[in-house]
Amino acid sequence: MRPVGSEDRGPIRGRWTKGRDNRLHNRGDEQGYVLILGMLVVFTLLLLGSVVLAQVQTNQQHVQRDRSYTQSLAIAEAGLNQYLWMVATGVSSEHEGFAIPGAPTSSPRKMTFLYEDPYDGTIQGHYTMEVTPPTSREPNVTVKVTGVSNQPVEQSRTISARVGRPSFSEYIMLTDKEFYIGGPLTRQWHGKTHSNERIRIATENIIDLVTSAGDIYTQYDSTYGWPAVPANSESRKLWKTGQPKIDFNTVTADLKRLSDISQESGGVNLPYTTTKAHNEKQGWYIKLLPNEKYELRLVTNESEVSTAPGGSLTLSETGFPAGISKGPHDYPENGLIYVNDNVWIEGADLSGRITVASSGQLNPSGKTAATCIHVVGDLTYAVKDGTVAVGLIAQSNLEIPSYAPLGKGVYNPKTKTWNVRDVSMEINCAVIAQKGKEFVRAADVGGPLREMLTIFGSVSSCLGPYRLKGSGGFASGANLYDTFLLHNPPPHFPTIGTYQILDWQELPLSQALTP
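Values in this document were obtained by computation on a predicted structure and should not be read as measured data. (Residues numbered from 1 in each chain as written. Predicted model: local features only at pLDDT ≥ 70, side-chain atom pairs only at ≥ 80, totals over all residues. Heavy atoms only, no water.)

> What is the right way to read the packing of aromatic side chains from this model?
Evaluated as defined, the whole model comprises seven aromatic pairs. With 6.4 Å between their ring centres and 85° between their planes, Tyr-381 and Phe-456 make a pair best called edge-to-face. With Tyr-381 in strand 22 (residues 373–381) and Phe-456 in strand 29 (residues 449–461), this residue pair connects regions lying 75 residues apart in the sequence. Accessibility assignment for this pair places Tyr-381 and Phe-456 in one class, buried. Ring centres 5.5 Å apart and planes at 50° place the aromatic pair Phe-439 and Tyr-466 in the tilted group. Of this pair, Phe-439 sits in strand 28 (residues 438–440) while Tyr-466 sits in the loop between strand 29 and strand 30 (468–469), placing them 27 residues apart in sequence. The buried category is assigned to Phe-439, whose relative accessible area is 1%. Overall, Tyr-466 belongs to the buried group, its relative accessible area being 17%. Pairwise contacts between aromatic rings join Tyr-180, Tyr-224 and Trp-226 into one cluster. Over the aromatic face of Tyr-171 sits the side chain of Lys-192, whose NZ or CZ is 5.3 Å from the ring centroid. The ring of Tyr-180 carries Arg-200 above its face, with NZ or CZ at 4.2 Å from the centroid. (Phe/Tyr/Trp six-rings, centres within 6.5 Å; stacked < 30°, edge-to-face > 60°. Helix = DSSP H or I, 4+ residues; strand = E, 2+ residues; numbered from the N terminus. Buried < 20%, exposed > 50% of the residue type's maximum accessible area, 1.4 Å probe, protein only. Lys NZ or Arg CZ within 6 Å of the ring centre and 35° of its normal.)

Right, dumping it as structure tokens:
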């Protein structure tokens with residue numbers, strides 16, 4: 001028999017052996033786990049490195065794209081400034097249809113330029129420029145420029161801008177001589193005003209600057225009973241004396257240029273028609289109609305008297321020169337009617353944009369006397385939002401006849417008399433009296449007296465204008481400035497000052513120009 005102790009030790013040794021084997025197995029498993037974990041860490045690091053590398057590359061692309069995006073806009077703006085220099089120096093002008101110097105004859109208003117670094121002369125990109133000249137509806141030049149930088153990522157930017165000069169019609173009244181702003185104190189005179197001599201003022205209803213190279217003064221008017229503007233009136237703060245003169249030649253139209261434009265496609269040029277070498281009572285009657293149309297008649301005679309209704313106008317629908325008819329006609333495409341004779345004009349509820357110019361300077365010898373434009377009735381816009389504009393450019397005077405507004409007087413058959421005292425008249429337009437003045441003819445013949453004359457627009461009168469004189473003209477009046485005239489004048493209206501960028505916008509990529 002085996003001893004008890006020996007029997008007990010056997011199982012004990014067996015248990016020890018079994019435990020040692022488990023520890024060996026656990027140690028191998030742990031080594032496998034470490035290897036897998038290490039591989040996971042390496043994989044994770046590689047993955048993170050790839051992500052970081054991709055992110056760096058993406059950021060670099062964004063930086064390049066942003067740099068290209070910014071530089072392309074700067075290049076486009078440089079192209080716009082270059083064209084502004086072109087029109088400012090006259091190398092691109094109306095005489096050449098605002099063509100770009102050096103552009104091919106097949107496309108004179110489109111050209112591509114290289115953009116060089118101003119410091120080292122390296123090519124940084126290019127820009128393509130396209131110019132749209134003024135039209136009857138858009139009086140300013142439109143410039144479109146697409147800029148592209150030489151970055152690895154070619155990202156174009158396109159801008160469009162309107163380039164123009166301020167119209168001389170920034171003034172409600174501009175005159176080379178002294179003139180009188182009559183009263184009463186409440187008379188509306190709303191707009192910038194300038195005289196190269198002196199101004200006499202009898203109203204304090206003023207909201208804009210009144211400037212003069214000479215004095216601005218006020219005094220009691222014994223003829224009409226208008227008091228002097230009070231010394232403490234706030235309106236006096238808008239009076240500015242001793243201001244620089246404005247060269248009137250810079251704000252008068254080049255009538256020869258307008259004549260040339262009127263004979264191009266889409267223009268109207270009406271010939272000299274008077275039967276004598278010069279007859280100030282004959283010429284063309286133009287009635288402007290709604291919906292951008294007009295009618296013509298011949299004026300065969302005019303009479304102006306001091307008694308109501310103030311005279312008459314004799315019209316004829318026959319005897320037109322060959323190729324010309326009464327109408328109605330559509331407004332010309334270029335928005336210009338040039339008349340080589342005197343003009344009588346009126347129209348109400350007007351739309352569209354039109355300029356009527358009158359001059360005799362291009363007529364045959366003996367028929368070159370300066371011509372006038374007569375506003376014989378209301379001349380009013382359908383809306384006053386800048387979409388409608390009428391321009392009148394007279395070589396001599398802009399006259400409102402003694403019988404105007406035509407046909408508005410009231411006739412009493414019992415007494416066989418006319419009453420025009422309660423008749424008023426409104427004129428919406430921009431006016432230039434190039435060598436003469438804007439005035440009411442009734443003042444010259446002594447009457448008749450009418451109620452109120454309202455002028456909405458702008459007047460440029462070489463000589464001193466007037467609307468009331470003695471017992472003739474209009475008893476009261478209102479002058480209101482059309483603010484749209486400054487940068488949106490009637491077609492082919494003269495401008496002053498230097499060209500400037502009026503406004504600009506960036507266009508979508510789909511409207512980019514191609515070289």
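> It is not clear to me how the pattern of salt bridges should be interpreted in this structure. Could you clarify?
Between side chains of opposite charge, a pair can form when the charged atoms approach closely. Counted according to the given criterion, the structure contains 14 salt bridges. Close ionic contact of Glu-506 with Arg-157 constitutes a salt bridge, the shortest N to O distance being 2.4 Å. One end of the pair, Glu-506, is in strand 32 (residues 500–507); the other, Arg-157, is in strand 4 (residues 157–164), and 349 residues separate them in sequence. Owing to a relative accessible area of 35%, Glu-506 belongs among the partly exposed residues under this scheme. Between Lys-384 and Glu-426 there is a salt bridge, and its shortest N-O distance comes to 3.0 Å. Here Glu-426 lies in strand 27 (residues 425–433) and Lys-384 lies in the loop between strand 22 and strand 23 (389–394), a separation of 42 residues in the sequence. (Salt bridge = Lys/Arg side-chain N within 4 Å of Asp/Glu carboxyl O.)

> Explanation requested: the sheet that holds strand 3 (residues 141–149) in the structure shown.
Backbone-to-backbone hydrogen bonds join strands into a sheet, with any given pair of strands oriented parallel or antiparallel. In spatial order, the strands read 1-2-3-4-32; together these five strands make up an open sheet with antiparallel pairing. One side of each edge strand has no neighbouring strand; the edge strands of this open sheet are strand 1 (110–116) and strand 32. Here the average twist between neighbouring strands, direction ignored, is 25°. Bridge count for strand 2 (residues 123–132) against strand 3 is eight bridges, and the pairing is antiparallel. For Gly-125, the partnering residue across the bridge sits in strand 3 and is Ser-149. (Pairing = 2+ DSSP bridges. Axes fitted to C-alpha atoms, helices over the stretch in contact; angles between N-to-C directions.)

Worth remembering: the numbers are spatial, not functional.
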